[in-house]
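These are the residues of each chain, in order.
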Amino acid sequence: MDQKPPHKSVRLPFVAYTEPYLYFVTICTTNREQLFGEIQSGQMVLNDLGRIVDEEWRRSGEVRAELILDQFIVMPDHLHGLVGLRPAGDLLDERDRAHSRAALQAEPLRGSRDRAPRSLCSFIAQFKATTTRRINDLRRTAAARVWQPRFYEHIIRQYESVDKARQYILKNPERWAADQHKTGVLM
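All values reported here derive from a predicted model rather than from experimental measurement. (Residues numbered from 1 in each chain as written. Predicted model: local features only at pLDDT ≥ 70, side-chain atom pairs only at ≥ 80, totals over all residues. Heavy atoms only, no water.)

1. So, the confidence of the model for the protein
So, step 1. When the pLDDT values of the protein are averaged, the result is 80; 72% of them are 70 or greater.
So, step 2. The lowest-confidence element of the protein is helix α2 (residues 94-105), averaging 38 in pLDDT; the highest-confidence one is strand β3 (residues 43-46), averaging 97.
So, step 3. Low pLDDT, under 50, characterises residues 4-11; the stretch is placed with 9 contacts to residues that sit more than four places away or in other chains.
So, step 4. The low-confidence segment residues 92-112, where pLDDT is below 50, has 12 contacts with residues more than four positions distant or belonging to other chains. (pLDDT = per-residue confidence, 0-100. Helix = DSSP H or I, 4+ residues; strand = E, 2+ residues; numbered from the N terminus. Contact = heavy atoms within 4.5 Å.)

Printed below as a string of structure tokens:
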């Protein structure tokens, strides 16, 4: 029986991914399968599966207080988005701050693959799980994979880079024909 080697983390070892940064995120479908719609005249036209991804991304910003969702786009085989994380202290009143610090420093739950609560990794994992469940329900495919196991992220450290990232996302459909088989990595 052939076993695949375990995935080596591509995350920076010195970043907790709970820090209040702005992250440029790219999440790709399994085998870059074009599931979410098509590009027509330089515009993304979402199908039912693409609308699920769009709805869940937007909903994530409503149900997860730690998230600040900025520009994003669902493409036929991937999603690009700018995601900010609020500082944990901004989410709580004074009586909850000590409890929150303890929770954030606690050991991750077994099976969570070392994802800290309120982290970028936790958000992406939940987003993938929710969209996969809804897409599989719609397609009547019980356990079909939708997303690649990992995702790409880039921490935006300079204010000037924010506009560059937004423009990259907005213009992604226009570049589709040229970029179709590239990873869509910003920088």
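2. Things to note about the pattern of salt bridges
Note that side chains of opposite charge can pair when their charged atoms are close.
So, step 1. Applying the stated criterion to the full structure yields 8 salt bridges.
So, step 2. In this structure, Glu-55 and Arg-134 form a salt bridge, with 3.0 Å as the shortest nitrogen-oxygen distance. Linking Glu-55 in helix α1 (residues 48-63) with Arg-134 in helix α3 (residues 120-139), this pair joins segments that are 79 residues apart in sequence.
So, step 3. Relative accessible area serves as the criterion here: at 30%, Arg-134 is assigned to the partly exposed category. (Salt bridge = Lys/Arg side-chain N within 4 Å of Asp/Glu carboxyl O. Buried < 20%, exposed > 50% of the residue type's maximum accessible area, 1.4 Å probe, protein only.)

3. Thoughts on the side chain of Asp-77
So, step 1. By the element assignment, Asp-77 lies in the loop between β4 (67-74) and β5 (78-85).
So, step 2. Residue classification places Asp-77 among the buried residues on the basis of a relative accessible area of 1%.
So, step 3. Within the structure, Asp-77 has its side chain in polar contact with the side chain of His-78 (distance 2.7 Å). (Polar contact = N/O pair within 3.5 Å; in protein donor to acceptor, adjacent residues only side chain to side chain.)

4. Describing the packing of α1 against α3
So, step 1. At a minimum axis distance of 10 Å, the contact between α1 and α3 shows a crossing angle of 145°. For the element pair α1 and α3, the recorded crossing hand is right-handed. Contacts between α1 and α3 involve Asp-48, Leu-49, Ile-52, Val-53, Glu-55, Glu-56, Trp-57, Arg-59 and Ser-60 from the first element and Phe-123, Ile-124, Phe-127, Thr-130, Thr-131, Arg-134, Ile-135, Leu-138 and Arg-139 from the second.
So, step 2. Residues that form the contact of α1 with α3 fall into these classes: 9 nonpolar, 3 polar and 6 charged. (Axes fitted to C-alpha atoms, helices over the stretch in contact; angles between N-to-C directions. Left-handed = near helix turned anticlockwise from the far one by under 90°. Nonpolar A, V, L, I, M, F, W, Y, C, P; charged D, E, K, R; others polar.)

5. Describing the sheet that holds strand β6 (residues 152-156)
So, step 1. Ordered by their spatial adjacency, 4 strands build an open sheet running β4-β5-β1-β6, and the pairing between neighbours is antiparallel. Taken across any chain shown, the strands that pair with only one partner, and hence form the sheet edges, are β4 and β6. Taken pair by pair, the neighbouring strands of this sheet meet at an average axis angle of 20°, ignoring direction.
So, step 2. The pairing of strand β1 (residues 22-28) with β5 spans 7 bridges and is antiparallel. The residue bridging Phe-24 from the neighbouring strand is Leu-82, located in β5.
So, step 3. Running at roughly 30° to β1, α3 makes contact with β1, β4, β5 and β6 of the sheet.
So, step 4. Docked against the sheet, helix α4 (residues 159-170) engages β1, β4, β5 and β6, running at close to 155° with respect to β5. (Pairing = 2+ DSSP bridges.)

6. Quick notes on the side chain of Thr-131
So, step 1. Among the secondary structure elements, Thr-131 is positioned in helix α3.
So, step 2. Note on Thr-131: relative accessible area 0%, which makes it buried.
So, step 3. Within the structure, the side chain of Thr-131 is placed 2.8 Å from the side chain of Trp-147, a separation counted as a polar contact.
So, step 4. Not counting the four nearest positions on each side in its chain, Thr-131 is found in contact with Ile-52, Val-53, Glu-56 and Trp-147.

7. Looking at the environment of Arg-118
So, step 1. Looking at the element boundaries, Arg-118 is found in the loop between α2 and α3.
So, step 2. Taking the C-alpha atoms as reference, Arg-118 lies 9.7 Å from Pro-87; in sequence the two are 31 residues apart.

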